[in-house]
Amino acid sequence: MDLGVRWTLHGDGRTPAPGVVVKPDERLSWPRTAGLGAQHVVAMFGASFVAPVLMGLDPNLAIMMSGVATIVFLLATRGKVPSYLGCSLSFVGVAAVIRAQGGSSATVTGACLAVGAALFLIGLAVQKFGARIIHAAMPPVVTGAVVMLIGFNLAPVTASTYWPQDQWTALLVMLFTGLAVVGLRGFWSRIAIFLGLIFGYGISWLFDRLFGKIHSADGSGAVTDHWRLDLSGVGKADWIGLPTLHAPSFEWSAILVALPVVIALVAENAGHVKAVGEITGTSLDNKLGTAIAADGAASMLSTAVGGPPNTTYSENIGVMAATRVYSTAAYWAAAAFALLFGLCPKFGAVVAAIPGGVLGGITVILYGMIGLLGAQIWTNARVDLRNPLNLVPAAAGLIIGIGNVSMKFTDTFTLSGIALGTLVVITGYHALRLFAPAHYKVEEPLLDEGTSSYDEPTDTSKK
């Protein structure tokens, strides 16, 4: 069985010729491949650092399981889809909601595992029936609205939890990160979040030296005098050790809150498979179902031991586009580095010490970017919001999701925010479609024009 773990040496193994790409089944010399793997790890650091901290999960375990998830993905796709799987930011909002309802880390990972299982089943269905089932159930107006409300539902978390801890540090980190995203080029712009974290650490340390302790809310919400940057836990942490594992716990209320994220994950995977296919010059249309199922399986494996769910990372796709090296060997190297980092508790202690003000500045941009990905889906698919069939369910679902509107059905069962907003968008769209006139029912591709080619025959000899 071909597992995609054999590579031919590209040229002399040093530098690709101008205009020539290193294909997924090729590699450079092993030292250069290892260097590229390290570069991929750095590219995913920003989001993979922040996401588990925001979800209240062990960052060491998150990094380690991202390496495991990447290996699972590469094996499942037979090395045809070069991609890194890191902690998904789409779950940050639902984790905050679940914890606000009294849920523990086990409850969060249990809900995320259920989403991974749903994603796995969707991937199998796409393998069997094709991408038409995605088009039918989740047209762009639905997908875009759900992604948008997931991102914007996070706004109160930044406003009430992180920003008040140190507003001036938050402001400076926000400005620096925005400048890095826009002003830097190539690889450096891809790791702007990571650079923002480093800047935030430095500013927090400097402010502690210049102004002393700050009187504000700490991570627990208690207003005290405390240092902005507290590295006391780093000195106590071991250099080598296993991360903390825990079993998931399943509660229907938490699962219902988390399930809408599966729509965002399907959209992410479809977009990433298409993007990788375009930059590698290889048709990967027949790998869409496999990629979705592999992401689901990897997320189930990670959450089963207490880690966060995973998704394909666009940051790493950007690194490939910049270096023109699409070798999956580099991703195996990246996965190996992630496993090593995960076995270093001191590394996790550094991540856990991220000051609240730094998170405030970064999440202002990060959460907004997640929400605006939904608008990008609408733009790419040319969703017409003048069409009442698109406008009405999207408008209602967005207000419910962003405003955290709730509906109480019984004393123990309530739907609110993300879950209720998603339900309104999906059921509202399909219910209104039954009554809409024919000229409102314009079929649209999932993400953009090219995506519809997933189900088109590739044999052009009959044309």
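This structure is a prediction, so every number in the text was calculated from the model and none was measured.

On a plain count of helices and strands, the chain comes out with 20 helices and 8 strands. Counting all 463 residues of the chain, 54% fall into the buried class. A sequence separation of at least 24 residues applies to 78% of the contacts in the chain between residues at least 6 apart. Summed over its atoms, the accessible surface of the chain is roughly 20000 Å², and 65% of this surface lies on carbon and sulfur atoms.

Our focus in this paragraph is helix α10 (residues 192-211). For α10, spanning 20 residues, the distance from its first C-alpha to its last is 27 Å, which sits close to the expected 28 Å at 1.5 Å a residue. Taken residue by residue, α10 has Ala192, Ile193, Phe194, Leu195, Gly196, Leu197, Gly200, Tyr201, Ile203, Ser204, Phe207 and Asp208 as its buried positions. Where α10 terminates, the next one or two residues include Gly212, which has phi positive at roughly 75 degrees.

Moving on, we come to the nonpolar core. Formed by 100 residues in total, the largest nonpolar core has its most connected members in Met55, Phe91, Val92, Tyr367 and Trp378. Of the residues forming this core, the biggest block, 10 residues, is contributed by helix α13 (residues 261-280). By size, the runner-up hydrophobic cluster in this structure holds 5 residues, among which are Val22, Leu28, Leu36 and Val325.

For helix α6 (residues 140-152), with 13 residues, the first-to-last C-alpha span of 18 Å sits near the 18 Å given by 1.5 Å per residue. For α6, every residue scored as buried is listed here: Pro140, Val141, Val142, Thr143, Gly144, Ala145, Val146, Val147, Met148, Leu149, Ile150 and Gly151.

A word on the packing of aromatic side chains. Evaluated as defined, the whole model comprises 3 aromatic pairs. Centre to centre, the rings of Trp7 and Trp30 are 5.9 Å apart; their planes meet at 85 degrees, and the pair counts as edge-to-face. Residue Trp7 is found in the segment before β1 (8-9), and its partner Trp30 is found in helix α1 (residues 30-55); the two are separated by 23 residues along the sequence. Centroid distance Phe176 to Phe199: 4.2 Å. Interplanar angle 5 degrees. Geometry classified as stacked. In this pair, Phe176 sits in helix α8 (residues 167-183) while Phe199 sits in helix α10, placing the two residues 23 residues apart along the sequence. Judged by relative accessible area, which is 29%, Phe176 ranks as partly exposed. For Phe199, a relative accessible area of 23% gives the class partly exposed. Cation over ring: Arg209 sits above Trp227, and NZ or CZ is 5.7 Å from the ring centre. One residue, Lys346, lies across the ring of Trp239, its end atom 5.1 Å from the ring centre.

Attention now moves to the environment of Gly289. Mapped onto the elements, Gly289 comes out in helix α14 (residues 288-304). Of the residues examined, Gly289 reaches a relative accessible area of 4% and is grouped as buried. Note: C-alpha distance between Gly289 and Gly123 (166 residues apart in sequence) is 4.4 Å. Contact partners of Gly289, with chain neighbours within four places excluded, come to Gly123, Val126 and Gln127.

Now for the confidence of the model for the chain. In this model, the chain carries an average pLDDT of 81, and 88% of its residues clear a pLDDT of 70 or more. Mean pLDDT across the elements of the chain ranges from a minimum in helix α9 (residues 187-190), with 66, to a maximum in helix α4 (residues 105-129), with 93. In this model residues 446-463 is a low-confidence stretch, pLDDT under 50, and it forms 32 contacts with partners more than four residues away in sequence or in other chains.

A word on the side chain of Thr77. Here Thr77 lies in the loop between α2 (59-76) and β3 (85-87). Under the relative-accessibility criterion, Thr77 is labelled buried at 0%. Looking at Thr77, its side chain comes within polar contact range of the main-chain oxygen of Leu74, at 3.5 Å. Ignoring any residue separated from it by four or fewer positions in sequence, one finds Thr77 in contact with Lys287, Thr290 and Ala291.

The rules behind each value
Residues numbered from 1 in each chain as written. Predicted model: local features only at pLDDT ≥ 70, side-chain atom pairs only at ≥ 80, totals over all residues. Heavy atoms only, no water. Helix = DSSP H or I, 4+ residues; strand = E, 2+ residues; numbered from the N terminus. Buried < 20%, exposed > 50% of the residue type's maximum accessible area, 1.4 Å probe, protein only. Contact = heavy atoms within 4.5 Å. Areas by Shrake-Rupley, 256 points an atom, 1.4 Å probe, with all protein chains shown as cover. Expected span 1.5 Å × (residues − 1). Core = buried A, V, L, I, M, F, W, Y, C linked by side-chain atoms within 4.5 Å. Phe/Tyr/Trp six-rings, centres within 6.5 Å; stacked < 30°, edge-to-face > 60°. Lys NZ or Arg CZ within 6 Å of the ring centre and 35° of its normal. pLDDT = per-residue confidence, 0-100. Polar contact = N/O pair within 3.5 Å; in protein donor to acceptor, adjacent residues only side chain to side chain.

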